[in-house]
Amino acid sequence: MKLVLTEFVSLDGVSQGPGSPTEDTSDDFTQGGWLVPYLDELFVRRTSEWLQLADGLLFGRRTYEAFARDWPQITDPDDPYTERMNSLPKYVVTNSITEGTWHPTTVLRGDPIRTVGEIKTQPGRELQIHGSARLGNALLAAGLVDALRLVVAPAVIGSGRRLIDHPSGTVGLRLVDHEVTPQGLVLLQYEAAGAAPVAEYEGVTAFV
């Protein structure tokens, strides 16, 4: 399976608590819900299409427990995400719990680089990381992430956990698709492209 990191971020890179003021208040974060004012029909359609590509969902423990608490309570038959979120195989990287409550769940104990690498060898389309920025950051730094899908909100939050604190080495990305929704969300799709290249600026004529 291809490992795809799907994240909602602000212009200053914050990924914490996009959906609600109470979604994630850890570390005294009080600015949650910053994505919601910009949601629109195109956002819903496109993110639903992305979810249809998943054959599994991958989480860190904190995001898993929040999703396991909330998603089974959503019973609206017209919600475009609910059936897929609740029925897809779920994998949680943790050494602090032994079994999941959101079925079907597999707990991945031990070194996440090894365990996630083993899951990637299984047949299937996409193993998608939703939320779980710390896990996504670690897997990106380890070279296991094949693609990124980012929804960038036109807001500066100023505090909160950021998606990429910084990987241990450079990461190059190749933009493969981009789109702007009517409410101003920027949808970006990247493929991983090895280490980020560097060069020395030699004047405008070098690029024309």
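This is a predicted model, so every value here is computed, not measured. (Residues numbered from 1 in each chain as written. Predicted model: local features only at pLDDT ≥ 70, side-chain atom pairs only at ≥ 80, totals over all residues. Heavy atoms only, no water.)

Let's talk about the overall build of the protein
Helix and strand counts for the protein come out as 5 helices and 8 strands. Its helices and strands taken in sequence order, the protein reads β-α-β-α-α-β-β-α-β-α-β-β-β from the N to the C terminus. The globule rule puts the C-alpha radius of gyration for 208 residues at 17 Å, and the 18 Å found for the protein is close to it. For the protein, the proportion of contacts with a sequence separation of at least 24, taken over those separated by at least 6, is 70%. With an accessible surface of roughly 11000 Å², the protein has 54% of that area assigned to carbon and sulfur atoms. Computed over 17 positive and 27 negative side-chain charges, the separation of the two mean positions in the protein equals 5 Å. (Helix = DSSP H or I, 4+ residues; strand = E, 2+ residues; numbered from the N terminus. Rg over C-alpha atoms; globule rule 2.2 N^0.38 Å. Contact = heavy atoms within 4.5 Å. Areas by Shrake-Rupley, 256 points an atom, 1.4 Å probe, with all protein chains shown as cover. Lys, Arg positive; Asp, Glu negative; His and termini not counted. Charge placed at Lys NZ, Arg CZ, Asp CG, Glu CD.)

Concerning the environment of phenylalanine 29
With respect to the secondary-structure elements, phenylalanine 29 resides in the loop between β1 (2–10) and α1 (41–52). For the pair phenylalanine 29 and alanine 155, spaced 126 residues apart in sequence, the C-alpha separation works out to 16 Å. Setting aside residues no more than four positions away along its own chain, phenylalanine 29 makes contact with Val14, Gln16, Gly17, Asp24, Trp34, Ile157, Ser159 and Gly160.

Considering the packing of helix α4 (residues 112–120) against helix α5 (residues 133–141)
The N-to-C vectors of α4 and α5 enclose an angle of 80 degrees; their axes lie 11 Å apart at closest approach. Between α4 and α5, the angle falls in the class roughly perpendicular. For the pair α4 and α5, contact is made by Pro112, Ile113 and Val116 and by Leu135, Ala138 and Leu139, respectively. Across the contact of α4 with α5, the residue classes tally to 6 nonpolar, no polar and no charged. (Axes fitted to C-alpha atoms, helices over the stretch in contact; angles between N-to-C directions. Parallel < 35°, antiparallel > 145°, perpendicular 65-115°, else oblique. Nonpolar A, V, L, I, M, F, W, Y, C, P; charged D, E, K, R; others polar.)

Digging into the nonpolar core
Formed by 27 residues in total, the largest nonpolar core has its most connected members in Trp34, Leu35, Leu57, Met85, Trp102, Val151 and Leu185. The set of elements that each furnish at least two residues to this core consists of α1, β2 (54–60), α2 (61–70) and β6 (147–153). Every residue in contact with leucine 57, bar those within four places of it in the chain, is listed here: Leu51, Met85, Leu88, Pro89, Lys90, Tyr91, Leu127, Gln128 and His130. Formed by 23 residues, the second largest nonpolar core is a distinct cluster that contains Tyr91, Leu139, Val152 and Leu163. (Core = buried A, V, L, I, M, F, W, Y, C linked by side-chain atoms within 4.5 Å. Buried < 20%, exposed > 50% of the residue type's maximum accessible area, 1.4 Å probe, protein only.)

Observations concerning the pairing of β1
Most of β1 sits out of view: 7 of its 9 residues are buried. Bridging between β1 and strand β5 (residues 126–130) involves 5 bridges; their strand directions are parallel. By the bridge assignment for β5, valine 4 is matched with glutamine 128. Note that β1 and β6 share 7 bridges and pair parallel. Residue pairing in the sheet places valine 4 in a bridge with alanine 147 of β6. (Pairing = 2+ DSSP bridges.)

Observations regarding the pattern of salt bridges
In total, this model carries 12 salt bridges according to the counting rule given. Residue glutamate 179 pairs with arginine 46 through a salt bridge whose shortest N-O separation is 2.8 Å. Taken together, the residues glutamate 179 in strand β7 (residues 173–180) and arginine 46 in helix α1 connect sequence positions 133 residues apart. Glutamate 179 sits in the partly exposed class, given a relative accessible area of 23%. The closest approach of N and O atoms between aspartate 70 and arginine 69, which form a salt bridge, is 2.8 Å. Using a relative accessible area of 48% as the deciding quantity, one classes arginine 69 as partly exposed. (Salt bridge = Lys/Arg side-chain N within 4 Å of Asp/Glu carboxyl O.)

A short note on the pairing of β2
With 6 of 7 residues buried, β2 is to be regarded as a mostly interior element. Note: β2 against β5, 4 bridges, orientation parallel. When the sheet's bridge partners are listed, glycine 56 is paired in β5 with leucine 127. Where β2 lies against strand β3 (residues 90–93), 4 bridges are found, and the strand directions are parallel. Its bridge partner being in β3, phenylalanine 59 is matched across the sheet by valine 92.

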